[in-house]
Amino acid sequence: WGDVGHRTVGYLAAKYLSPGAIELYGSLLANDQGFDISDAATWADTIKQKMPWSSPYHYINPVFDDPPNNCNVTWPSDCPEKKGCVVSAIVNYTSIVLDRSSSHIDRKNATMFLLHLIGDLHQPLHVTGYKTGGNDVEPICWNHEPPETGGSCGGRLNLHSVWDTRIPHKLRGLPTSLDNPAEKVAAATWAEDLFARQQRTTAISECDRIDAGAECILGWARESNALVCDAVLARGEDWILSNDLSDEYFEENKHVVDDQIGKAGVRLAAWLNAIAVVAPPDD
Ligand code: ADE
Ligand code: ZN
Ligand code: ZN
């Protein structure tokens, strides 16, 4: 996701945190620079350049999935042992936060990775290797921007960016890019809307077995991966490359984005709460 998606997952999770979790993560994320939980949730994208080893932690590329006909995640074989992937990264950073003998900075960074990676795991294109997670499905037409003005259709807009930012921003009535304060306002509002709807209707299947290896995380990964077949690529790549995706494609898929961001926030909170039960803050 782009920053707005990650910030929304952070703000939504904050609404479900237990008192123990608020205390633990309040102390781990404490800073004098005015950074809030949504800034912590975007941090992992800001350090990719100086910590390039962390790039593979944002996705998993299942070897045998061939969307839209076959979606599949196999574990652990789909996660390169040396480089890692989003599933192993969440498992490993969970153990670091759980380990009260880890240093403060290690537990802080691990918490920031969890806030971000549980979000990315819910972006369907972060759970498929198809054309580098859709990065190589281009050029995409969007908003009927004419090619001659450098618009997306003749330019380099790809399917991955459509799902990371274009669909979320259009869903929330936002411009393509916005500054940090505007992102925070947009994300806080989105989180409020999701929370209000969740209180009225949706029961989201949580999973908080932090002691069960990759069980919960793999379940979330398989759900995201299935959406690549059932939603993202359901119309086929030829159709995607020959239609403006801001029309029917957007209408068909905007609920998928809204639901996935909503699930990510609830599940992130349940996960962080479970960690705080096992590793309560020092007093
Ligand atoms: N790079 C390689 N595969 C990717 C994916 N599935 N998502 C994002 N970036 C990637
Ligand atoms: Zn992405
Ligand atoms: Zn990311």
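Residues numbered from 1 in each chain as written. Chains lettered and ligands numbered in written order. Predicted model: local features only at pLDDT ≥ 70, side-chain atom pairs only at ≥ 80, totals over all residues.

A. Highlighting the overall build of the chain. Scanning the chain from N- to C-terminus turns up ten helices and zero strands. Along the chain, from the amino end to the carboxyl end, the secondary structure elements read α-α-α-α-α-α-α-α-α-α. Against the compact-globule benchmark of 19 Å for 283 residues, the chain has a radius of gyration of 18 Å, which places it among compact chains. With respect to the three principal axes, the spread of C-alpha positions in the chain is 60 × 40 × 40 Å. Buried residues in the chain amount to 45% of all 283 residues. (Helix = DSSP H or I, 4+ residues; strand = E, 2+ residues; numbered from the N terminus. Rg over C-alpha atoms; globule rule 2.2 N^0.38 Å. Buried ≥ 20, exposed ≤ 12 C-beta atoms within 10 Å, placed from the backbone.)

B. How the structure looks around the packing of helix α4 (residues 86-98) against helix α8 (residues 215-232). At a closest axis distance of 10 Å, the pairing of α4 and α8 adopts a crossing angle of 150°. Considering the angle they form, α4 stands roughly antiparallel to α8. Judged by the sense of rotation from one axis to the other, the crossing of α4 with α8 is right-handed. Note on element contacts: α8 touches α4 through I217, L218 and A221, opposite V87, I90 and V91. Taken together, the residues that form the contact of α4 with α8 break down as six nonpolar, no polar and no charged. (Axes fitted to C-alpha atoms, helices over the stretch in contact; angles between N-to-C directions. Parallel < 35°, antiparallel > 145°, perpendicular 65-115°, else oblique. Left-handed = near helix turned anticlockwise from the far one by under 90°. Contact = placed C-beta atoms within 7 Å. Nonpolar A, V, L, I, M, F, W, Y, C, P; charged D, E, K, R; others polar.)

C. Just the nonpolar core, in detail. Within the largest apolar cluster, 77 residues are counted, with the highest numbers of intra-cluster contacts made by V86, L117 and L272. For this core, the leading source of residues is helix α10 (residues 248-278), giving 13 residues. Setting aside anything within four residues of it in sequence, one finds V86 in contact with Y57, H58, Y59, I60, L117, D120, L121 and H126. (Core = buried A, V, L, I, M, F, W, Y, C linked by C-beta atoms within 7 Å.)

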